[in-house]
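# Breakdown of the fold
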Amino acid sequence: MSISVELNQITKAFDTTVAVNDISLTIAPGELFFLLGPSGCGKSTLLRVLAGFYRPDAGELLFDGEVMNNVPPHQRNTGMVFQNYALWPHMTVRENIEYGLRLRKLEKSTRKEKIATVLEMVEMADYRDRPVNTLSGGQQQRIALARALVIEPSVLLLDEPLSNLDAALRQNLRDEIKDIHSRTQITTLYVTHDQVEAISMADRMAIMKDGVFVQVGTPREIYQYPADPFVASFVGETNFITGNIQEISNGKATIETPVGVLHTESVHHDFTPGQEVSCSIRPETIHLNGNSVPNQLTAKVGAVTYLGRVEEYELSIADSLKLKAIIHNPGTETKKPGDTVNISMSPKAIVPLPTND
Ligand code: ATP
């Protein structure tokens, strides 16, 4: 049965560093929730507060409505997977997984059954009697996952579980973790600084910076409607054009910028005329060969990089602004460095965001 996790104004400081600063969040039963943020923003600290390794200085942590602040880690029924696997290297796969079951004083036959089920789940049934130090990194991480899952945790905590693995393995394990999660429906908190991992797997995610949440939402909401320039550039690639709000009417804005007036379709912040904004424009929303849409600019082509599935263009506008455009499914015809092009951006693609000052 899945449980909810609630954080009410949790703060945790180390001397003068406030690693987690007054954070509130509710993770729904069965949700796969991601914490995403740059190094040092407080992700691991928050995860450790949930696991019970750190006690918050202030605030309340609840599992299914029950306050956990004073419950020691081993009584919280959380399963944890670390970046460095943290397995016992000389023990076999079975012995590593069995440890938590022995602590819970389960019968031998029950232990055997549960180990078999969980090894099946992580596709490692054939490795049961191998010492873990004879396994590859990816296999060891599967065993670490099996060890966390075998106790049937109420909450699964994953701390950068894939960052020691190569790209192909990461992709594989992402799919597997997502699949295991959808089968088990364990409420899961997953910490990463890899935005692709978060976007491709999360039900919802929090973008964290300096101990606080800058934005919480689904991957789609965060990618399409970032709260500020930090989120826009941390999640996905983007371009910025800074300007001032000229007019807002019917939820649409016109923005005066050094390269001309830009028109947006919808505005998701309370802006006032004259206010400085930073317009986020994703590279894939910039079209070469402008047609009759309102946002047209003349650009000079810089470097062109053909990548098969996409082609990337560096563009400069009036020598003062550089933009990156990504064209999907590029044909045989290509623009060349030095060419002059008319670029266009639909009003939907212009996302004005508050600047930080
Ligand atoms: P990374 O992605 O690099 O693991 P993170 O987002 O997980 O970073 P934390 O490890 O939670 O960040 O650290 C948040 C802040 O708290 C950092 O400034 C860090 O130096 C500090 N910090 C974390 N643990 C301790 C500790 N045990 N003692 C003192 N300071 C700490």
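Residues numbered from 1 in each chain as written. Predicted model: local features only at pLDDT ≥ 70, side-chain atom pairs only at ≥ 80, totals over all residues. Heavy atoms only, no water.

The next point concerns the pairing of strand β3 (residues 32-36). In terms of burial, β3 is largely enclosed, as five of its five residues are buried. The two faces of β3 match: Leu32, Phe34 and Leu36 on one face and Phe33 and Leu35 on the other face are all buried. Where β3 and strand β8 (residues 187-192) come together, five bridges link them in parallel fashion. Opposite Phe33, over in β8, you have Leu189 as the bridge partner. Relative to strand β9 (residues 204-209), β3 runs parallel, the two being bridged by four bridges. If you follow Leu36 over to β9, its bridge partner there is Ile207. (Buried < 20%, exposed > 50% of the residue type's maximum accessible area, 1.4 Å probe, protein only. Helix = DSSP H or I, 4+ residues; strand = E, 2+ residues; numbered from the N terminus. Pairing = 2+ DSSP bridges.)

Further remarks concern a nonpolar patch on the surface. A contiguous nonpolar surface patch, about 310 Å² in accessible area, is contributed by Trp88, Tyr99 and Leu103. Looking at where Leu103 falls in the secondary structure, it is placed in helix α2 (residues 93-103). (Patch = residues over 30% accessible without salt bridge, like charges linked within 9 Å, V, L, I, M, F, W, Y side chains within 5 Å. Areas by Shrake-Rupley, 256 points an atom, 1.4 Å probe, with all protein chains shown as cover. Salt bridge = Lys/Arg side-chain N within 4 Å of Asp/Glu carboxyl O.)

Close contact between helix α4 (residues 137-150) and helix α5 (residues 167-184) brings their axes to 11 Å; oriented N to C, the two are set at 15°. It follows that α4 is roughly parallel to α5 by the angle criterion. Where α4 crosses over α5, the two elements pack in a sense that is right-handed. Judged by residue contacts, Gly138, Gln141, Arg142, Leu145 and Leu149 of α4 engage Leu169, Leu173, Glu176, Ile177 and Ile180 from α5. In terms of residue class, the contact of α4 with α5 is made up of six nonpolar, two polar and two charged. (Axes fitted to C-alpha atoms, helices over the stretch in contact; angles between N-to-C directions. Parallel < 35°, antiparallel > 145°, perpendicular 65-115°, else oblique. Left-handed = near helix turned anticlockwise from the far one by under 90°. Contact = heavy atoms within 4.5 Å. Nonpolar A, V, L, I, M, F, W, Y, C, P; charged D, E, K, R; others polar.)

Another point: α4. Note: α-helices contain 3.6 residues per turn, so residues at a spacing of three or four share the same orientation. Compared with the 20 Å implied by 1.5 Å per residue over 14 residues, the 20 Å span of α4 between its first and last C-alpha is a close match. Counting buried residues along α4, 13 of its 14 residues qualify, which places the element largely inside the surrounding structure. (Expected span 1.5 Å × (residues − 1).)

A separate point is the packing of aromatic side chains. Tallied over the full model, the rule gives four aromatic pairs. Ring centres of Phe14 and Tyr54 lie 5.3 Å apart, and the angle between their planes is 75°; on these two criteria the pair is classed as edge-to-face. Of this pair, Phe14 sits in strand β1 (residues 5-14) while Tyr54 sits in the loop between α1 (43-51) and β4 (58-63), and the two are 40 residues apart along the sequence. A residue is classified by how much of its surface remains accessible, and Phe14, at 33% relative accessible area, is partly exposed. When the ring of Phe34 is compared with that of Tyr190, the centres are 4.2 Å apart and the planes differ by 15°; the resulting orientation is stacked. You can see Phe34 sitting in strand β3 and its partner Tyr190 sitting in strand β8, a full 156 residues away along the chain. Given a relative accessible area of 0%, Phe34 falls into the buried group. Over the aromatic face of Trp88 sits the side chain of Arg147, whose NZ or CZ is 5.4 Å from the ring centroid. (Phe/Tyr/Trp six-rings, centres within 6.5 Å; stacked < 30°, edge-to-face > 60°. Lys NZ or Arg CZ within 6 Å of the ring centre and 35° of its normal.)

Another point: the pairing of β4. With five bridges connecting them, β1 and β4 associate as antiparallel partners. For Thr11, the partnering residue across the bridge sits in β4 and is Ala58. Taking the residues between adjacent antiparallel strands as the criterion, β4 and strand β5 (residues 66-67) are bridged by two residues, where Asp64 takes a positive phi near 50°.

Bringing the site of the ligand into the picture now. Taken together, 13 residues surround the ligand, and among them Ser39, Gly40, Lys43, Ser44 and Thr45 come closest. At 2.5 Å, a side-chain N or O of Ser39 approaches an oxygen atom of the ligand. Contact between the ligand and Gly42: an oxygen atom at 3.0 Å from a main-chain N or O atom of the residue. Burial of the ligand by the protein amounts to 60% of the accessible area it has alone, namely 630 Å². Of all the secondary structure elements, the ones that give two or more residues to the shell around the ligand are β2 (17-27) and α1. (Near = heavy atom within 4 Å. Polar contact = N/O pair within 3.5 Å; in protein donor to acceptor, adjacent residues only side chain to side chain.)

Remember, this is a structural readout, not a statement about activity or role.
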